[in-house]
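A closer look at the structure
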Amino acid sequence: MKKTTDLKKAFFARGRVPDCPIYDLHGHMGPSYGLHINRETAAQADTVLKRVGIRLLVFCHHAALMAPDIGNAANIKAVRAFPDRLRAYCGINPNYPDQVKKDVATFDRYTDVYVGFKLLADYHAIPITDPRNEPAWALAEARALPVLLHTWGNSVYDGQTVIRKVAERYTQAKILLGHSCHSCWDEAIQLVKDFPNVYLELCAVMDERGILERFVGELGSERIIFGTDYPWFSHHYYIGTVLGAVISDDDCRNIFYRNAEKILGGVFNAKSLTAK
Amino acid sequence: MKPTFFDANLCFGRPIRTVYQPAKTAADLQRVMAHAGIAKGLVWHVAQRDYAASDGNRLLAKALAGRKNMYGCWVILPPQTDEIITPDFFRRMQRNRIMALRAFPDYHRYLLNRVVFGKFLDEVTERRIPLLLSLEKSSVTWPVVYQILAEFPNLTCILCDIGIWNSDRFTWPLLETYPNVFLETSLLSLEDGGIEETVARYGAERLLFGSNFPERYPEGAMLAIQHAAIPTADKKKIASANLEGLIQGAQL
Ligand SMILES: [Zn+2]
């Protein structure tokens, strides 16, 4: 059994640890059809992030993913209102290919907002390999941008088979597997072994004991990133689960901030965040 | 401030399908609790569900003997089959430190309603013995919860594992309507603001800490309660005082 570590003690004692900032690379914003969300707004997010000690939340507004009539305007508005702790993924819904082209064409107008793209293929019911996503992939590939994918084991839209196809096709984009190809853990591990630009993200992974230990045991911790689906899920809950896993403090630090800083390094300078 | 944690929702024994490093015995579970910082537990043995309520209940009672920081939950079946509920049932509960009940109607193939459990659950209600229902673990679905509470509105009922996705749309109407309904927090604390908003509306008295070990990491729910944006007194209630109160209030 793991000894109580300094990091675990410190987080339990104070709730936040200044020398261990947290980057949450999988968040959302706004209401959502299937559940009551307690904190929908950017202002509420900013308050929570400050209280919990989250250095940066990279999110994609539910409207950008689920309401084409609102779209990415919701992302832009939120980040510009609270630029100290928020950045966004430009949401891509390939059911509306003209909008995809438009959002990609105007991406550079919002370098203060976007760090990359988000695809929610299971919900959009179009595979991540579909040509309608190509404009986003092409820009991500050219600039080595992060692309956060919602991924779920065995899904024809974003499961292991199509993830492998995009990883073969795009070698420069940073492919973040949201939910780590959930439930197909061995396949997720193999994808990270086979492709140096594939990362595992922990949202919906940490509510099951033992998976993170398996990931770290097989892969080390340098390609595992912290994410919560905030405001669906609680930062403290997720931080607690990472601290509760039988991995080292160094692994926790990689997961909480070091890996994220490397991934975002080319996109924006963490020092540009002015928040304390 | 580190509150004392009394865990309403944890289990030991090896399940029919594997789970990551379960506690095989009650002693193993005590070690897990000590490592995580959990002082007491209201526990059950997974064989009560996976194998048989009868032998599982006996296994649990035997394992609890002499373990002062553990109480047990017995699993019920319809009284008509005489498998579990016998005339000396409550006396046997008391002798064996069994302070609560659990039910797995779907998995154990019966209906949890007044036709089946009328007199028995009337007495359970009267004695203020908590019935724990889990929305996971092949236990119950929301319509079953709503049905049983409509039929036994004063039943002391602890809803466990309330869902990965926020369940306020299911749970808040129950908290509003039934004063003896409580929520176990292993998944409420997974929701952003879940603890804070429920406390603000219905009071900290309605929440009970639970870890859902071995399926989940206890540290997630513990850190979320310890650093929730609620008063310290409320954290103490949720962490242990409310469950202590229910256990002490049960008349066996
Ligand atoms: Zn998400």
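These notes cover the structure that comes with them. (Residues numbered from 1 in each chain as written. Chains lettered and ligands numbered in written order. Predicted model: local features only at pLDDT ≥ 70, side-chain atom pairs only at ≥ 80, totals over all residues. Heavy atoms only, no water.)

1. A closer look at the packing of helix H7 (residues 168–177) of chain B against helix H8 (residues 194–202) of chain B
Residues and elements named next belong to chain B. This is how the line gets drawn: Throughout, an axis means a line fitted to C-alpha atoms (over the contacting stretch in the case of helices), and angles, computed between N-to-C directions, take values from 0 to 180 degrees. Helical segments are the DSSP runs of H or I of at least four residues, strand segments are the runs of E of at least two, and each set is numbered from the N terminus. Any angle that is under 35 degrees is reported as roughly parallel, and any over 145 degrees as roughly antiparallel; angles of 65 to 115 degrees are reported as roughly perpendicular and all others as oblique. Put simply, a crossing is left-handed when the front helix is turned counterclockwise from the back one by less than a right angle, and right-handed when it is turned clockwise. Only heavy atoms enter the contact rule, under which two residues are in contact if any of them lie within 4.5 Å.
Between H7 and H8, whose axes approach to 11 Å, the crossing angle comes to 25°. Taken together, the axes of H7 and H8 are roughly parallel relative to one another. Once H7 is placed against H8, the crossing between them reads as right-handed. Residues Asp168, Trp172, Leu175 and Glu176 of H7 form the contact with H8, whose participating residues are Glu197, Thr198, Arg201 and Tyr202.

2. Some thoughts on the pattern of salt bridges
To be explicit about the condition: A pair is scored as a salt bridge if a Lys or Arg side-chain nitrogen falls within 4 Å of a carboxyl oxygen belonging to Asp or Glu.
The final tally for this structure, using the stated rule, is 24 salt bridges over all chains. In this structure, the salt-bridge partner of B:Asp192 is A:Arg39, at a minimum N-O distance of 2.8 Å. With B:Asp192 in the loop between strand E7 (181–184) and H8 and A:Arg39 in the loop between strand E1 (22–29) and helix H2 (42–52), this residue pair bridges two chains. A:Arg132 is paired through a salt bridge with A:Asp130; the nearest N and O atoms lie 2.9 Å apart.

3. Section: the sheet that holds strand E3 (residues 70–75) of chain B
Residue and element names in this part refer to chain B. What counts here: Strands were regarded as paired on the criterion that DSSP finds at least two bridges between them.
An order of E1-E2-E3-E4-E5-E6-E7-E8 is seen for the eight strands of this open sheet, with the pairing classed as parallel. Only two strands of the sheet have a single neighbouring strand rather than two, namely strand E1 (5–12) and strand E8 (207–208). Two elements, E1 and strand E2 (residues 38–45), share six bridges in a ladder whose sense is parallel. Across the sheet, residue Leu10 finds its bridge partner in E2, namely Val43. Strands strand E5 (131–134), strand E6 (157–160) and E7 of the sheet are contacted by helix H6 (residues 142–151), whose axis makes an angle of about 175° with E6.

4. Topic: the interface of chain A and chain B
Test applied: Buried area, as used here, totals the accessible surface that two parts lose on assembly, with accessibility defined by a 1.4 Å probe and the loss added over both. Polar contacts, as counted here, are pairs of nitrogen or oxygen atoms within 3.5 Å of one another; within protein the pair requires one atom able to donate a hydrogen and one able to accept it, and residues that are adjacent in sequence qualify only if both atoms are side-chain atoms.
Taken together, the contacts link 41 residues of chain A with 35 residues of chain B. Among the residues chain A hides against chain B, the three largest losses belong to A:Phe12, A:Arg209 and A:Tyr237. Together they make up 27% of the total. At the junction of chain A and chain B, the tally comes to three salt bridges. For the pair chain A and chain B, the interface holds 21 residue pairs in polar contact (both at pLDDT 80 or more).

5. Examining the sheet that holds strand E5 (residues 146–152) of chain A
Residues and elements named next belong to chain A. Across the sheet, eight strands lie side by side as E1-E2-E3-E4-E5-E6-E7-E8; this open sheet has parallel pairing. Looking at strand neighbours, the two that pair on one side only are E1 and strand E8 (224–225), the edges of this open sheet. Relative to strand E6 (residues 174–182), E5 runs parallel, the two being bridged by six bridges. What sits directly across from Trp152, in E6, is His182. Sitting on the sheet, helix H12 (residues 249–265) touches E1, strand E2 (54–61), strand E4 (114–119), E5, E6, strand E7 (198–201) and E8, and the angle it makes with E1 is about 80°.

6. Some thoughts on the packing of aromatic side chains
Here is the rule we go by: Each Phe, Tyr or Trp ring (for Trp, its six-membered ring) is paired with any other whose centre lies within 6.5 Å, and the angle between the two planes then decides the class: stacked below 30 degrees, edge-to-face above 60, tilted in between. Working definition: with a 1.4 Å probe on protein chains only, accessible area under 20% of the residue-type maximum means buried, over 50% means exposed, and in between means partly exposed. Counted as over-ring charges are cases with an Arg CZ or a Lys NZ within 6 Å of the ring centre that also lie within 35 degrees of the ring normal.
Within the structure shown, the criterion is met by 23 aromatic pairs over all chains. Seen in terms of ring centroids, A:Phe107 and A:Phe117 are 4.9 Å apart; in terms of plane orientation they differ by 35°. Their pairing is tilted. Of this pair, A:Phe107 sits in the loop between helix H5 (97–105) and E4 while A:Phe117 sits in strand E4, and the two are ten residues apart along the sequence. Residue A:Phe107 shares its accessibility class with A:Phe117, and that shared class is buried. The ring of B:Tyr71 has B:Arg97 sitting right over it, with the charged end atom 4.9 Å from the ring centre.

7. Digging into the coordination of the zinc ion
Residue and element names in this part refer to chain A. Condition: Counted as donors are the N, O and S atoms within 2.8 Å of the metal, or 3.2 Å for Na, K and Ca, while water is not among the atoms, so some sites may look incomplete.
Ligation of the zinc ion by protein atoms is provided by His26 (NE2), His28 (NE2) and Asp229 (OD), these donors lying 2.0 to 2.1 Å from the ion. Ordering the donors of the zinc ion by residue number gives the pattern H-x1-H-x200-D. Here Asp229 lies in the loop between E8 and helix H11 (235–244) and His26 lies in strand E1, a separation of 203 residues in the sequence. With respect to burial, His26 and Asp229 carry one shared label: buried.

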